[in-house]
Amino acid sequence: MSSIIQLLPDHVANQIAAGEVVQRPASVVKELLENAVDADATDIKLIIKDAGKSLVQVIDNGKGMSVTDARLCFERHATSKIRQAEDLFSLCTKGFRGEALASIAAIAHMEMKTKQDQEELGTHIVIEGSKFVSQEVAVLPKGTSFAVKNLFFNIPARRNFLKSDTVEFRHVMDEFQRVALAHPNIHFTFYHNGSEMYNLPAAGYRQRVVGIFSGKTNEKLVPVNEDTEIINVQGFVCKPEFAKKNRGEQFFFVNDRFIKSGYLHHAVMAAYDGLLKDGSQPSYFLYLQVPPNTIDINIHPTKTEIKFDDEQALYAILRASIKHSLGQFNVAPVLDFDRDANLDTPYHYKDLEAETPTIQVDGTFNPFTDDKTNQHYTKSGSSGSASGYSSGSSSSSGSSYSGYSKRVEPTTSWESLYVGLDTESIESSPFTFENEEVTSSLFNDDEVETAPQKTYQIHKKYIVSPIKSGMVIVDQQRAHQRILYEQFLLNMTMNQASSQQLLFPLNLFYSSDEMTLIEELKPSLETTGFVFEEAQTDHIVISGIPVNITESEVSLVIEQLLTDLQDGIPASSYSQNDTIAKSMAKSLAVKTGSYLTEKEQDNLVNGLFACKDPNISPFQKPTFITMRVEDIDKKFAV
């Protein structure tokens, strides 16, 4: 038989590698930004159009490349980061595989401009699908510029798998934030479709976090700092009262590289044990520095998974350092056995005995005597004029004492107030009053019976209501979700929602990508009863809310809505309204474990069976079951 194994052409091998390295426009952003960081750039610009589908451009002022390096960087496994296999255990750079540029160039139109500082001219290269179109000498500034256009132009199937622009832009935003947070000493700017999204000057870690996630984040941060022989932990965790439903603002950086680690996340959650509500997630920005030879990065092409030599020690140190910070800044309750010296009893008081305080009482004092109620104290002088103080002399107006004179004025009779009034003109009209309350009833007393209780709550989860054939058991949470879902959907489609105005408007702060999502949701939210006064770059002002929402639930509703729509807003208006109605119903529905009064139980049961589709919740789960008397009889049959 003839041989059937052969080497793949370079352009085919590059496309296969691109399937791992480049999954969406955000992957291109990540690779190009990390290359710019490795080039020792101090100023990096990211420019994208159509969420990266049409253009991804990264411009840096790094060291640049020579003519030979500019051509060689597009070859597979060509890299300046490592020289031998041992270098994999002492990596200090972002990239090391040498596959990123070759993979990107295989599936897009790519243009590169680069120049070194000591050179007078730079190099301009154009590549389309791994094919070199042109290479020219050009006058360029110091640094490198990569422009990636028409991503997946030669792989239409992969291009069709891309999500909407909103979803792809969110992934690009995530990658940009990860690189920008890891390197606060670099000036980053980010432009999308011509508008500036971020302008982050070089600063410290706290300023970079605040710059990305709005100014309100500053008051939420609790610093963490712990230095040991095996790990150095720095960064910030957020206070428990600012915990969110989603896991958006959670960042681990190991040697300035963003990673994902469920094991380390569990250590953070253990530090917050007893401080968070059920289902809440704390925000954290933690920077870990470990010796490069104690970690293995070469696990996955995205390099977001890392293996540690001693995970148990890292777990214990991370958990303890966060607990210490929460206690040190009085965020978590702590037991303080240190004695406050200011509260000690002075030494010269230790032998003294307590004395009962003396009380002086004037037994002759009587506030109701006439001579005191009519006394007026004036300055001395004739007729009480303010001519000075007199002492020891008498005056015509009264006797003086202690420098003050006392004048007693005659008391006027109270009858003089009514002199001259015409008493005959004031006549009281006859009034009739009922001595006893008059009540009436349509029925005789012996005919009225107290109605028996119709519903019963079991384990604060189910409501049992008797019917003719047996009984019906209702899941209170799912039933309330169905009721609220149909109410919100009706308001959004009929535009008849009523709103209650707030005495003091609410100011809610969000990150820039969350604000972008809220701007798109604003028309639909207004149909449910929300009234927005203004929307700034980092917060919104709400002056009116739907009538069935309390003021304390507004932030929870919007936060849950942002979580449910983080993968993008449905294109059609009905799907968008349906998603919003489901999210708000899930947030506001009565939860399992809540006690309901008899009246609330009746209203819930009656409201459920008044719905158009009472059988299932908005999430396609049954809301109630029925049990017939015959079924119960069978349980007792021998």
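First, a word on what this report is: a plain description of the structure on this page. Please read all numbers here as calculations on a predicted model, not as lab measurements.

### Section: helix H8 (residues 262-271)
Step number 1: Those residues of H8 that fall on the buried side of the exposure criterion are Leu264, His265, Ala267, Val268, Ala270 and Ala271.
Step number 2: Against strand E11 (250-254), strand E12 (257-259), strand E13 (284-289), strand E15 (307-308) and helix H9 (311-328) lie the buried residues of H8.

### Regarding the sheet that holds strand E22 (residues 499-509)
Step number 1: Taken together, the three strands give an open sheet; going across it, the order is E22-E24-E23, and neighbouring strands pair in antiparallel fashion. Of all strands in the sheet, those with a lone pairing partner are E22 and strand E23 (531-535), marking the two edges. Each adjacent strand pair in this sheet contributes to an overall mean axis angle of 15 degrees, direction not counted.
Step number 2: Strand contacts of helix H12 (residues 512-528): E23 and strand E24 (539-546), with the helix running at about 155 degrees to E23, the strand carrying the most contacts.

### Remarks on the packing of H8 against H9
Step number 1: Between H8 and H9, whose axes approach to 8 Å, the crossing angle comes to 30 degrees. In this structure, the crossing between H8 and H9 has a hand that is right-handed. Packed against H8, whose contacting residues are Tyr263, Leu264, His266, Ala267, Val268, Ala270 and Ala271, the element H9 presents Glu311, Gln312, Leu314, Tyr315, Leu318, Arg319, Ile322, Lys323 and Leu326 at the interface.
Step number 2: Class assignment of the residues belonging to the contact of H8 with H9 gives a composition of eleven nonpolar, two polar and three charged.

### Considering the pairing of strand E9 (residues 221-227)
Step number 1: As paired elements, E9 and strand E10 (residues 232-238) share seven bridges and run antiparallel to each other. The residue bridging Asn225 from the neighbouring strand is Gln234, located in E10.
Step number 2: Count of turn residues in the E9/E10 antiparallel hairpin: four residues.

### A look at the environment of Phe153
Step number 1: Along the chain, Phe153 falls in the loop between strand E6 (143-149) and helix H5 (156-160).
Step number 2: Among the residues examined, Phe153 registers a relative accessible area of 36% and is labelled partly exposed.
Step number 3: Put simply, Phe153 and Lys53 are 100 residues apart on the chain and 9.8 Å apart in space, counted from C-alpha to C-alpha.
Step number 4: The residues touching Phe153, leaving out its near neighbours within four places in the chain, are Ile107, Ala108, His109, Glu128 and Gly129.

### What to know about the environment of His183
Step number 1: Inspection of the secondary structure puts His183 in the loop between helix H6 (165-182) and strand E7 (187-192).
Step number 2: Its relative accessible area of 10% is what places His183 among the buried residues.
Step number 3: Sequence-wise, His183 and Tyr205 are 22 residues apart; in three dimensions their C-alpha atoms are separated by 8.4 Å.

So, how was this worked out
- Residues numbered from 1 in each chain as written.
- Predicted model: local features only at pLDDT ≥ 70, side-chain atom pairs only at ≥ 80, totals over all residues.
- Heavy atoms only, no water.
- Buried < 20%, exposed > 50% of the residue type's maximum accessible area, 1.4 Å probe, protein only.
- Helix = DSSP H or I, 4+ residues; strand = E, 2+ residues; numbered from the N terminus.
- Contact = heavy atoms within 4.5 Å.
- Pairing = 2+ DSSP bridges.
- Axes fitted to C-alpha atoms, helices over the stretch in contact; angles between N-to-C directions.
- Left-handed = near helix turned anticlockwise from the far one by under 90°.
- Nonpolar A, V, L, I, M, F, W, Y, C, P; charged D, E, K, R; others polar.

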